[in-house]
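Inside the fold
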Amino acid sequence: MRLLLLFTLIASFQLSAQKFQLLDQQSKDPVSFGKVMPEKETPRLTDIDGFFTVLDSNQWVRIRATGFYDTSVVLNGLMDGKIYLKSKAQNMQEVVVKPGVNPAERIMAKVIANRMKNHPFENDGFISKQYSKFVFDLDDASRKILEDTIVDPSDTNLFSMKQFFERQHLFLIETASKHFFEPPYKEKEIIEAYKVSGFTDPMFSTFAQSMQSFHFYDNQVELLGVQYVNPIAFGGINRYLFVLEDTTINGNDTTFTIFFRPRKGKDFDGLMGQLYINTNGYAIEKVIATPYMEVNKGTFIRITQEYAFMDQKKWFPMKLSTEVQMVFAAINISKGKTAFVTGKGATYLESVLFNPPELEKVKFNNIAVQTNIGSERVKDEAWDSLRPYALTEKEKNTYFKNDSLSKEEHLDKYLKLAKVLSSGKIPLGYVNLDATKLFAVNSFEKTRVGLGLENSDRVLPWMTANASMAYGFGDKKVKYGGFLEFHLDPSTKTNLRLFYTNDVVEVGGNVEYKTNLFYAQNPGRMIFVNNMAYQKKAGIQFSTIVRANKHFTLELNYQQNQFTNGYQFKEKSSNSAFISSLLFSWAIREKGIILGDVFVPKSAKYPKLQVKLEKGWKIPSLDLSSMDFFRVQFNMFHVTTIPGNGRLTWNVRAAWTNVPTPLLYQQAVNSSYVKRSISIANTFETVGVTDFYHQQQVNVFLRYIWNAQRTKAKWNEPQFGVHYAFGYGTMSNQSLHNMTFNTMSKGFHEAGLLFNGLYVSGKSSVGIGVFTRFGPYANTGNWKTNVYPKLNFGYVF
C-alpha cells in the first residue's frame, strides 16, 4: 500500500510539474542560473539552458539574474512558457571589502578543503554518454545591427547577407561520444558519431572537447588551450577576492552565490565570474567564468558548468557550455558597420554510471580522445536519438546549404590540403614538395638551399619515394639523398625505410627530441654549429609507435666519413663504420587525440626523455669497418608551469663512448656563443661550439622565467628570468686528436639574467640576456671578459 502511494505521488509530481525557460530579451539566448522565487514554493536556480520547473503554474514568481533587471511574472499567463529578461549595462566597479571576517572566504576555505573529495576524477571510475553541439553565427550585437539596417534595393550583397543569416548559421558541429575513466588517471573518450556542416574530415570532431576543461577542480582551468589559475586551487583565498552575493535555501541544502576575481595588485592569468556552492559537501553546483584580463577588452571566452549530485554519492558535471567572441573574424555589413562572429556550444552528459563492471573491458592507452573511422556516416534517424533537443529549422538549413556548397566547391579537398601543409609538404598533384628542405642556415654551410620531392598518397598510398638535393653556399658543395618508405601499419606509424644520404653531420652531435615539423627541442642551435663532417650513409630503418607516446627506431647503416677543418684522428682507424642503433623516445604519460588516422599530442605535465644506443661493429673479414665502439646518449627535459608565477625549463643530458674514437662519435656540448649572438635555452650561453669535447659527459640546464608584468604601454611587457648551466666531462687520450679543445673535468658553471619582453608585438617579444662564467673556467683578468650579452627572442606568457 505504501509502495503504491509512493508511485502515485511520483507520478502526480511528474504529471503536474511544468517547465519554463528564462531568455535574454535581445539575443533570445538562455539565462543560466537565474534565481527563481515562486510565490508558493521554495526558491530555485535555472539550469544551464535557462529552464526551471514548478508544481503549480497558478502563481507569480520573482526572478533575479546577474546582468538583468529583476522581473515578476504570473506563470499561467505565459503562452509558450518563455520568460524574457531585459539586460542592463554592466559597469565594472571596484569591490570594497570592509574590515572583518569575509563570509565568502569562510565558505571558500571549506570548498578548497573539500576540493579533492569532490573532484570528479577522484575515488570513482565512470562511464557516461556525451552529446556536444557548437554553432557559429553573428554575435548578438551584430545580428541586431544587421536586422536594423535598412537595405538599399540596389545593394544586392547586403540583401543576400540578411537573407543568409535569417535562414542559417555560419557553421555547425555535433558529436556524440562515450567517456570512460578509471582511477587514478586512465581516461578515454570515443567519438561514435560526428556531423560537421560542409565537411566529413574528422579534424573538427573534437572541437567541443578543446574549448574548456571537463570540470572545475584542477589547479588550473584550461580555456581555448590557455591555462588559468583556478580560484579553488590551494592558496586561492590569497590570490582571489571572493564576495558573497546571494543565498538560496532549498530543503536541507543552501546554495551560496559567490563572485570572484583576482585581488588587486596580483599579476597572474586569472578568471572572474560566479561560483554557486552547495553546502552538501561544499561542492560546486554551478560556475560561470571568463578570463579576467579580457574583461575590459570584450569577453573573449565565457564558460558555464552545471553539476548534479549523482546516486547520493558525488557531484558530477552534467552540462558544459562555451561562448567564444571571435573579434578577429569581422564581416563588413555596410559603411561604418562591422559584424563579428561568435561561437556558442554546449555539452550534455547522461547515463552516468559509477564503477560499472564494463570498465574492466575498456582498453585504456595513451589515446585520450579517439574518433572512430566511419563515425561521420551515422544516419539522421540515429542522430535523432542522440540529441537532447531536436534541430531547429535554421540548423537543418545550415547542414543542407553548407553540405551542398562543399560538394560544389570540394571543400574537403582544401581541408586535406591544409593537413598536408601542416606536415611540411606542399601538394603538387601527384607529388609533394618537401618544404623542410628548401632553406636552412648553419655556421658551416652558411646559407643552404635545397629541393625535396616525394609521391603523394594519390600514388602508391602504401609507400613514399623521396629524393632531395641541397647546396651550401659556405662550403660550396652539393648534398643529396633519398629513401623508399613502406607504410606497414598507419595506425601505429609502423614504417620500414631504405635510405641513402650524402650530406653533412655535426661532429659529436647530441640526440635531439623532435616529433614533428613544429616541435624541436632546441630550435635555433644549429645556426651556431660550425664543425661538421661529410658523410655518405646507406641503411635500413624500422620505426613504430607503442601506446601513442613511445617511439622506437631501429637502424642498421654503413657510413663513410670525410672530416673537415684539417681534423685527423691519430690512432689507426678507418673513416668508415658499420653501425646499428636503437632510439627510444618517451613522452611520459602524454596523451593524444586520434582524428581518423592522424595522431595529435596533447600538452603533457610530465617530462620527455630519449635514449640512443649505438654500436660500431668491426668486421675485418668484409673489410667494411675497423670501428669497434659503443655509445650511449641520454636526454630528458620538461617545461613546468608554476600557476600564477612563471615557467621552469630544465634539461639533463648525459653521453658516454666506451673507447677513444674520432670526435664524430664522441660528445660535443650544447653551446650557442658567438659574438653578437642570440640566447638559446638548454645550451651553454658562454661557450663556443668547438670549445669543449668529451668521451663522457653530463650537462644540466635550468631556466626560470617569471610571468609578464603588465604595463600601460602596449609594446612593453617585461619578463624577468634567471639561467644556470652546469657541465662535467672527461676524455682519455685527448692527444689522439689534432685539434685544440678543453674538457669540463673541473666542473663548468655559468649563470645569467634575462630581461624579456622589452618590446612586444602580439605574443612575440624581444629582450636581452646577460650571462657570465664562474668557477674554474671563469676568464681571468678584466671582469668584462666574463660578461656575455645576447639578444633574446621569444613569446609572452
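Residues numbered from 1 in each chain as written. Predicted model: local features only at pLDDT ≥ 70, side-chain atom pairs only at ≥ 80, totals over all residues. Heavy atoms only, no water.

A look at the overall build of the protein chain
- Summing up its helical and strand segments, the protein chain has nine helices and 44 strands in all.
- Within the protein chain, buried positions represent 47% of all 797 residues.
- For the protein chain, the proportion of contacts with a sequence separation of at least 24, taken over those separated by at least 6, is 61%. (Helix = DSSP H or I, 4+ residues; strand = E, 2+ residues; numbered from the N terminus. Buried < 20%, exposed > 50% of the residue type's maximum accessible area, 1.4 Å probe, protein only. Contact = heavy atoms within 4.5 Å.)

Digging into the sheet that holds strand β7 (residues 82–85)
- Within the open sheet, the three strands sit side by side as β4-β1-β7. Their pairing is mixed. For this open sheet the edge positions go to β4 (51–54) and β7, each flanked by a neighbour on one side alone. Across this sheet, the average inter-strand angle for adjacent strands is 30°, counted without regard to direction.
- As paired elements, strand β1 (residues 18–24) and β7 share four bridges and run parallel to each other. Each residue of the ladder has a partner; that of Gln-21, found in β7, is Lys-82. (Pairing = 2+ DSSP bridges. Axes fitted to C-alpha atoms, helices over the stretch in contact; angles between N-to-C directions.)

A few points about the environment of Thr-657
- With respect to the helices and strands, Thr-657 occurs in strand β37 (residues 646–657).
- Judged by relative accessible area, Thr-657 falls into the buried class, the value being 0%.
- Residues Thr-657 and Glu-614, 43 residues apart in the sequence, show an inter-C-alpha distance of 9.3 Å.
- With near-sequence residues (within four places) excluded, Thr-657 lies in contact with Phe-629, Phe-630, Arg-631, Tyr-665, Gln-666, Gln-667, Gln-695 and Gln-696.
- Engagement of the side chain of Thr-657 in a polar contact is seen with the backbone oxygen of Tyr-665, the distance being 2.8 Å. (Polar contact = N/O pair within 3.5 Å; in protein donor to acceptor, adjacent residues only side chain to side chain.)

So, unusual backbone geometry
- Residue Pro-184 is bonded to the preceding Pro-183 through a cis peptide linkage, with omega at 5°.
- Of note, the phi angle at Gln-312 is positive, near 50°, even though the residue is not glycine.
- Counting through the fold element by element, Gln-312 comes out in the loop between β17 (301–310) and β18 (314–334).
- On the basis of relative accessibility, which here comes to 69%, the residue Gln-312 falls in the exposed class.
- For Leu-460, which is not a glycine, the phi torsion comes out positive at approximately 50°.
- Structurally, the position occupied by Leu-460 is in the loop between β24 (446–455) and β25 (463–472).

Remarks on the pattern of salt bridges
- As enumerated under the stated definition, the model contains 37 salt bridges in all.
- Here Lys-479 ties to Glu-445 by a salt bridge, and the two come within 2.8 Å at their closest N and O atoms. With Lys-479 in strand β26 (residues 477–489) and Glu-445 in the loop between β23 (439–442) and β24, the pair connects residues that are 34 residues apart, well separated along the chain. Neither residue differs from the other here; Lys-479 and Glu-445 are each classed as buried. (Salt bridge = Lys/Arg side-chain N within 4 Å of Asp/Glu carboxyl O.)

Notes on the packing of aromatic side chains
- Tallied over the entire structure, the rule returns 45 aromatic pairs.
- Judged by centre distance (4.9 Å) and plane angle (35°), the rings of Phe-552 and Phe-584 are tilted. Remark: Phe-584 occurs in strand β32 (residues 576–587) and Phe-552 occurs in strand β31 (residues 550–562); sequence separation between them is 32 residues.
- Note on Phe-552: relative accessible area 30%, which makes it partly exposed.
- Every member of this aromatic cluster is reached through a ring pair, and the members are Phe-121, Phe-126, Phe-181, Phe-214, Phe-316 and Phe-354.
- Over the ring of Tyr-399 we find Lys-195, and its NZ or CZ is 4.9 Å from the ring centre.
- Its guanidinium or amino end placed over the ring of Tyr-534, Lys-477 lies 4.4 Å from that ring's centre, counting from NZ or CZ. (Phe/Tyr/Trp six-rings, centres within 6.5 Å; stacked < 30°, edge-to-face > 60°. Lys NZ or Arg CZ within 6 Å of the ring centre and 35° of its normal.)

Here we look at the sheet that holds strand β5 (residues 60–64)
- Overall, antiparallel pairing links the four strands, which are arranged β3-β2-β5-β6 in an open sheet. Pairing within the sheet leaves two strands with one partner each, and these edge strands are β3 (44–45) and β6 (71–74).
- Sheet topology note: the β5/β6 ladder contains four bridges and is antiparallel. The residue bridging Ile-63 from the neighbouring strand is Thr-71, located in β6.

Digging into the pairing of strand β36 (residues 629–642)
- In terms of strand pairing, strand β35 (residues 608–617) meets β36 through nine bridges, oriented antiparallel. When the sheet's bridge partners are listed, Lys-615 is paired in β36 with Phe-630.
- By the bridge criterion, twelve bridges tie β36 to β37 in an arrangement that is antiparallel. Along β37, the bridge assignment pairs Ile-642 with Gly-646.
- Count of turn residues in the β36/β37 antiparallel hairpin: three residues, of which Gly-644 carries a positive phi of about 75°.

Describing the confidence of the model for the protein chain
- Taken over all residues, the pLDDT of the protein chain has a mean of 86, while the share at 70 or more is 89%.
- Across the protein chain, element-level confidence peaks in strand β39 (residues 693–694) with a mean pLDDT of 97 and bottoms out in helix α1 (residues 2–16) with 37.
- Every residue in residues 1–15 scores below 50 in pLDDT, and together they form one contact with partners more than four places removed in sequence or on other chains. (pLDDT = per-residue confidence, 0-100.)

Some remarks on the nonpolar core
- In terms of nonpolar packing, the biggest core is built from 45 residues, with Phe-216, Leu-271, Leu-275, Ile-277 and Ile-284 touching the most fellow members.
- Residue contributions to this core peak at five residues, all from helix α2 (residues 103–113).
- Excluding its chain neighbours within four sequence positions, the residues that come into contact with Ile-277 are Ile-107, Met-108, Val-111, Thr-254, Thr-255, Phe-256, Ile-258, Tyr-282, Ala-283 and Ile-284.
- Ala-577, Phe-629, Tyr-665 and Ala-668 belong to the second-largest nonpolar core, a separate cluster that totals 17 residues. (Core = buried A, V, L, I, M, F, W, Y, C linked by side-chain atoms within 4.5 Å.)

Regarding α2
- Within the span of α2, buried status applies to Ala-104, Ile-107, Met-108, Val-111 and Ile-112. Along α2, the residues classed as buried sweep out an arc of 140° about the axis, all on the same side. The outward face of α2, more than 90 degrees from its buried face, is lined by the exposed residues Arg-106 and Ala-113.
- Between a side-chain oxygen at the N-terminus of α2 and the backbone nitrogen of Ala-104 the separation is 3.0 Å; the capping residue is Asn-102. (Arc of directions from axis to C-beta.)

Considering the environment of Asp-80
- Topologically, Asp-80 is positioned in the loop between β6 and β7.
- With 60 residues separating them along the chain, Asp-80 and Phe-20 place their C-alpha atoms 8.4 Å apart.
- Here the side chain of Asp-80 touches Lys-82 through a polar contact of 3.2 Å, landing on its backbone nitrogen.

Examining helix α4 (residues 140–148)
- Residues Asp-140, Ser-142 and Leu-146 constitute the buried set of α4. In a view along the axis of α4, the buried residues occupy a sector of 165°, so they form one face of it.

Looking at the side chain of Lys-550
- The residue Lys-550 is located in strand β31 in this model.
- Buried and without a salt bridge, Lys-550 has Glu-590 as its closest oppositely charged side chain, separated by 10 Å.
- Within the structure, Lys-550 has its side chain in polar contact with the side chain of Asn-549 (distance 3.5 Å).
- Not counting the four nearest positions on each side in its chain, Lys-550 is found in contact with Thr-544, Ile-545, Phe-584, Ser-585 and Trp-586. (Lys, Arg positive; Asp, Glu negative; His and termini not counted.)

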